[in-house]
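One letter stands for each residue in the lines below.
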Amino acid sequence: MNNYNNDNTARRYKAHVSLYGTTQLHLRNPYIIAWWSAAFPGCGHLLLSKYLRGYSFFFWEIIVNNMSHLNLAIVYSFTGNFQMAREVLEPRVLLLYLPVYIFAIWDSYRTTVDLNKIFILAERENASFNSYAIGSVGINYLDKRSPLMAVLWSIFTPGLGQLYIHRGLTAALMLIFSIIFVYYSNALIAVHFLFLGEIKQATASLNPQWFLFIPSYFSFAVYDAYVNTVENNKLFESEQRKFLQQNYQQSPFKIPDLTR
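Given the structure is predicted, the values throughout are model-derived calculations rather than measurements.

## Regarding the overall build of the protein
Here is step 1: Within the protein one finds 13 helices and four strands.
Here is step 2: Considering only intrachain contacts with a sequence separation of at least 6, the fraction spanning at least 24 residues in the protein is 69%.
Here is step 3: Counting only carbon and sulfur atoms, one obtains 65% of the accessible surface of the protein, whose full area is about 15100 Å².
Here is step 4: Put simply, the protein has 20 plus and 15 minus side-chain charges, and the middle of one group is 6 Å from the middle of the other.

## A few points about the packing of helix H3 (residues 51-68) against helix H6 (residues 91-125)
Here is step 1: Where H3 meets H6, the axes come as close as 10 Å, and the angle between the chain directions of the two elements is 155 degrees. One element, H3, and the other, H6, form an angle in the roughly antiparallel class. Crossing geometry of H3 relative to H6 is assigned as left-handed. Contacts from Arg-53, Phe-57, Trp-60, Glu-61, Val-64, Asn-65, Met-67 and Ser-68 in H3 reach Val-93, Leu-94, Leu-96, Tyr-97, Val-100, Phe-103, Ala-104, Asp-107, Arg-110 and Thr-111 in H6.
Here is step 2: By residue class, the composition of the contact of H3 with H6 is eleven nonpolar, three polar and four charged.

## Comments concerning empty space enclosed by the protein
Here is step 1: Scanning all chains against the criterion turns up one cavity of 30 Å³ or more.
Here is step 2: Its volume calculated, the largest cavity comes out at about 60 Å³.
Here is step 3: Elements with a minimum of two residues in the lining of the largest cavity: strand S4 (138-141) and helix H13 (213-247).
Here is step 4: The greatest single-element share of the lining of the largest cavity, amounting to three residues, is contributed by H13.
Here is step 5: Of the residues assigned to the lining of the largest cavity, the class counts are three nonpolar, six polar and two charged.

## Notes on the side chain of Asn-71
Here is step 1: Relative to the assigned elements, Asn-71 resides in helix H4 (residues 70-78).
Here is step 2: Of the residues examined, Asn-71 reaches a relative accessible area of 5% and is grouped as buried.
Here is step 3: Among the polar contacts made by the side chain of Asn-71, one reaches the main-chain carbonyl oxygen of Gln-209 at a distance of 3.0 Å.
Here is step 4: With sequence-adjacent residues up to four places away left out, Asn-71 is seen in contact with Asn-65, Pro-208, Gln-209, Leu-212 and Phe-213.

## What about unusual backbone geometry?
Here is step 1: Unusually for a residue other than glycine, His-69 sits at a positive phi of about 60 degrees.
Here is step 2: Here His-69 lies in the loop between H3 and H4.
Here is step 3: On the accessibility criterion, His-69 (34% relative accessible area) is partly exposed.
Here is step 4: Unlike most non-glycine residues, His-166 shows phi in positive territory, near 65 degrees.
Here is step 5: Position of His-166 relative to the elements: it lies in the loop between helix H8 (160-164) and helix H9 (168-185).

Rules used in this analysis
- Residues numbered from 1 in each chain as written.
- Predicted model: local features only at pLDDT ≥ 70, side-chain atom pairs only at ≥ 80, totals over all residues.
- Heavy atoms only, no water.
- Helix = DSSP H or I, 4+ residues; strand = E, 2+ residues; numbered from the N terminus.
- Contact = heavy atoms within 4.5 Å.
- Areas by Shrake-Rupley, 256 points an atom, 1.4 Å probe, with all protein chains shown as cover.
- Lys, Arg positive; Asp, Glu negative; His and termini not counted.
- Charge placed at Lys NZ, Arg CZ, Asp CG, Glu CD.
- Axes fitted to C-alpha atoms, helices over the stretch in contact; angles between N-to-C directions.
- Parallel < 35°, antiparallel > 145°, perpendicular 65-115°, else oblique.
- Left-handed = near helix turned anticlockwise from the far one by under 90°.
- Nonpolar A, V, L, I, M, F, W, Y, C, P; charged D, E, K, R; others polar.
- 1 Å grid on protein atoms, 1.4 Å probe; cavity = no way out; pocket = protein on both sides within 12 Å on 5 of 7 lines; lining within 4 Å.
- Points joined across faces, edges and corners; volume = space filled by probe spheres on them.
- Buried < 20%, exposed > 50% of the residue type's maximum accessible area, 1.4 Å probe, protein only.
- Polar contact = N/O pair within 3.5 Å; in protein donor to acceptor, adjacent residues only side chain to side chain.

None of the figures reported here should be taken as evidence of function without further support.
The structure is reproduced here in structure tokens:
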């Protein structure tokens, strides 16, 4: 198979294609990454392909948030029922939650700044990287895909957009928690009652503690699918351009200056 394999001879690679997904470096806005960590701890790190940290913060958010009843207290606060918000909160767990929440935001910001610097150096080095992987569990390869399709599939079910662009690890997490959040929040039951015009029953059937996870989670799925589709398309063009220059373009060839 005539495909380049990363052999660690270069100091920095800007991408790696494996059977489990495509991991790449590209410029990111540290404030946006930090914002996603604030919206849902772990999401900022998943955008950076820091899966171990991202999964750790993601599970931490779900477990500790449920133990402290934080989402339920937020719902009571938004409806002006501050007394109930104070009563449902578990202060022992809440005080444990806050330091990790702040650290997740800070760490995602710091890591983004560092990775942006590494990407600039890797882009200048322009080392070759593999663009194709095949094995017993599947096939992954660089190609161009539609960002709109990635967004649409993510809207239908979070995780499908990630599957569309071969972000296997993120897709697995998103699909599993799509089931968990929808099931425990009774979201589909509420939708069923809405279709029947029974708004009060739809509201009463919702579990606000679990339902409040869904807006941030769904929004992240759409954003992650869109951004990574765009960046994968850029990576595909960059790899194709370098391959054609090395194998098909003659060295004396000069691009004509059409501005003259």
